[in-house]
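Report on the structure
Residue-level listing of the chains:
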Number of protein chains: 2
Amino acid sequence: MDFQNCFPVWNKLTAPQQERIHGALMTRKVGKGTVIHNGSMDCTGLLLVKSGLLRAYILSDEGREITIYRLFDLDMCLFSASCMLRSIQFEVTIEAEKDTELWIIPAETYKSIMEESAPLSNYTNELMATRFSDVMWLVEQIMWKSLDKRVAAFLLEERSIQGSDKLKITHETIANHLGSHREVITRMLRYFQNEGIVKLSRGMVEVVAPQKLESLTVD
Amino acid sequence: MDFQNCFPVWNKLTAPQQERIHGALMTRKVGKGTVIHNGSMDCTGLLLVKSGLLRAYILSDEGREITIYRLFDLDMCLFSASCMLRSIQFEVTIEAEKDTELWIIPAETYKSIMEESAPLSNYTNELMATRFSDVMWLVEQIMWKSLDKRVAAFLLEERSIQGSDKLKITHETIANHLGSHREVITRMLRYFQNEGIVKLSRGMVEVVAPQKLESLTVD
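All chains use their own residue numbering, which begins from 1 and follows the written sequence. Working convention: letters from A go to chains and numbers from 1 go to ligands, in the order in which they are written. It should be noted that, the model being predicted, local features are given only for residues of pLDDT at least 70 and side-chain atom pairs only at 80 or more, the latter also being counted only at that level, while totals for whole chains, interfaces and linings use all residues.

Helices and strands together make up the secondary structure of chain A, namely 8 helices and 11 strands. Dimensions along the principal axes, computed over C-alpha positions, put chain A at roughly 60 × 35 × 30 Å. Buried residues in chain A amount to 35% of all 219 residues. Think of it this way: build a C-beta for each residue from its backbone, and any pair within 7 Å is a contact. Within chain A, residue pairs in contact and separated by at least 24 positions form 70% of the contacts whose partners lie at least 6 positions apart. Helix and strand assignments come from DSSP, with helices taken as H or I runs of at least 4 residues and strands as E runs of at least 2, each series counted from the N terminus. Put plainly, a residue is buried at 20 or more neighbouring C-beta atoms within 10 Å of its own, exposed at 12 or fewer, and partly exposed in between, counting only other residues' C-beta atoms, which are placed from the backbone.

Quick look at the structure:
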């Protein structure tokens, strides 16, 4: 799998621009759980996921987390290069949820090409609009959806990511994705268990009635 | 006040691009309360506020509202032209909070110039990053701040917008800004009144101890 086949506007760049990217491009393999980017403290560069899974989340002063989006194969991460756009005034942490292979374009390389290339800049616009839509979806979830619906939607998402009904995940991790507390999630999962929707065991949530989860997520 | 002096990247556009904008540019005066843009149903165009105040908000299925940002003099509104970026997958309503004068650049004009102009596209990126930061601030407020802090911050913002301690605003309106219910806001304001922070009367919230509001907003 070559970078140029995975980078959407590659063919709209000039040959010298392509060379600059090739000259600066790095690859990196990170293990599950690695924090790749930490708030505004570093400006890692643009990340393109070759394979694996990344999670972008924000942290409260008290250390609570909420996932704002997840990045899958061939997704691109802009906010790991937030120094590139001075109007980005928030801090996102990026962590590998699975073993992940990445391409990294250094921020200054990307930025200097974006300043002269309308195609790259327009692509960046679309990328930001996509993440913006993810965050607006999150706002709507937090504001208008009750927690049972949010937990149900999360379990269905995990089921499709893990490709199994037996989800290896702790209540703490679910709480961190949803910006909730472990105790609250445990109570909700026990309620789901009583309703015959899931089966709980140590470090595991087994989905036994996915159709009941589905019907919870629709109003 | 001329458009070209108010539009930040005007001098970075070519003469033909400037002419295309001039030829398509419209001005519009709207009264307080006018809905200028309504979700994805119309694609009004890019708005530049000449003078006045706009509010961008989202609506739940049940008709609840939450303000996502406000636009002041010389602010530009991108999401009134959401048709321009296909990755924008959410619906925003834009309403005049004061009598407002606007310039409107039709979406297709803006889009066609943005596709060829790196400066305009990069400016659009910065604009979107600014709104993105507003929404991330909102997520943090909703997730980590209690309602008393949010009401306090809102009253201080209104005080600076209205330039007065006597805020002409209903409890319903405050609820709509904050995505809350009128009854909840009324209870909070009565608590503030008991604490000697505000004085309530019909259609009016008078801030009597702004320093107490300030100290509420810091943790």
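Working definition: the nonpolar core is a set of buried Ala, Val, Leu, Ile, Met, Phe, Trp, Tyr and Cys residues, joined through C-beta atoms within 7 Å. Ranked by size, the top nonpolar core spans 110 residues in total, and within it A:Leu46, A:Cys77, B:Leu46, B:Leu47 and B:Cys77 carry the most contacts. Sequence-distant contacts of A:Leu46, that is, excluding residues within four places in its chain, are made with A:Met76, A:Cys77, A:Leu78, A:Ser80, A:Ala81, A:Ile105, A:Ala107 and A:Tyr110.

Our next topic: the sheet that holds strand β10 (residues 198–201) of chain B. All names here are of chain B. Whether two strands pair depends on DSSP finding at least two bridges between them. Taken in spatial order, the 3 strands line up as β9-β11-β10 in an open sheet, and their pairing is antiparallel. Bordering the open sheet on either side are β9 (166–168) and β10, each of which pairs with just one other strand. Taking the axes of each pair of neighbouring strands and ignoring which way they run, one obtains an average angle of 20 degrees across the sheet. Angles run from 0 to 180 degrees between N-to-C directions of axes, and those axes are lines fitted to C-alpha atoms, restricted for helices to the stretch in contact. Its contacts with the sheet put helix α7 (residues 182–194) on β10 and β11 (204–207), and the angle it makes with β10 is roughly 125 degrees.

With that settled, consider the sheet that holds strand β9 (residues 166–168) of chain A. Residues and elements named next belong to chain A. Pairing within the open sheet is antiparallel, and its 3 strands lie in the order β9-β11-β10. The open sheet is flanked by β9 and β10 (198–201), the only strands paired with a single partner. Across the sheet, the axes of successive neighbouring strands diverge by a mean angle of 20 degrees, strand direction being ignored. When β10 meets strand β11 (residues 204–207), the two strands line up antiparallel, connected through 4 bridges. Its bridge partner being in β11, Lys199 is matched across the sheet by Glu206. In the packing of helix α5 (residues 147–162) onto the sheet, contacts are made with β9 and β11, and the angle to β9 comes to roughly 90 degrees. Against the sheet, helix α7 (residues 182–194) makes contact with β10 and β11, and its axis sits at roughly 125 degrees relative to β10, the strand it touches most.

Another point: the relation of the copies chain B and chain A. Copy-to-copy superposition: least squares on the C-alpha atoms, limited to residues that have pLDDT of at least 70 in both copies. Structural alignment of chain B on chain A gives an RMSD of 0.0 Å, achieved by rotating through 180 degrees and translating 0.0 Å along the axis. Given the turn and translation reported, the copies of this chain are related as if by a two-fold rotation axis. Considering only C-alpha atoms, the residue of chain B closest to the rotation axis is B:Ala118, which sits at 2.0 Å. Interface overlap between copies: 100% of the residues of chain B at the interface are likewise at the interface in chain A, consistent with a symmetric, same-surface contact.

Moving on, we come to the interface of chain B and chain A. Facing 35 residues of chain B, the contacting portion of chain A comprises 36 residues. With 19 residues, helix α4 (residues 118–144) of chain B is the single largest residue contributor to the side of chain B that touches chain A. Here the term charged refers only to Asp, Glu, Lys and Arg, the term nonpolar to Ala, Val, Leu, Ile, Met, Phe, Trp, Tyr, Cys and Pro, and the term polar to all other amino acids, Gly among them. Residues that form the side of chain B that touches chain A fall into these classes: 17 nonpolar, 11 polar and 7 charged.

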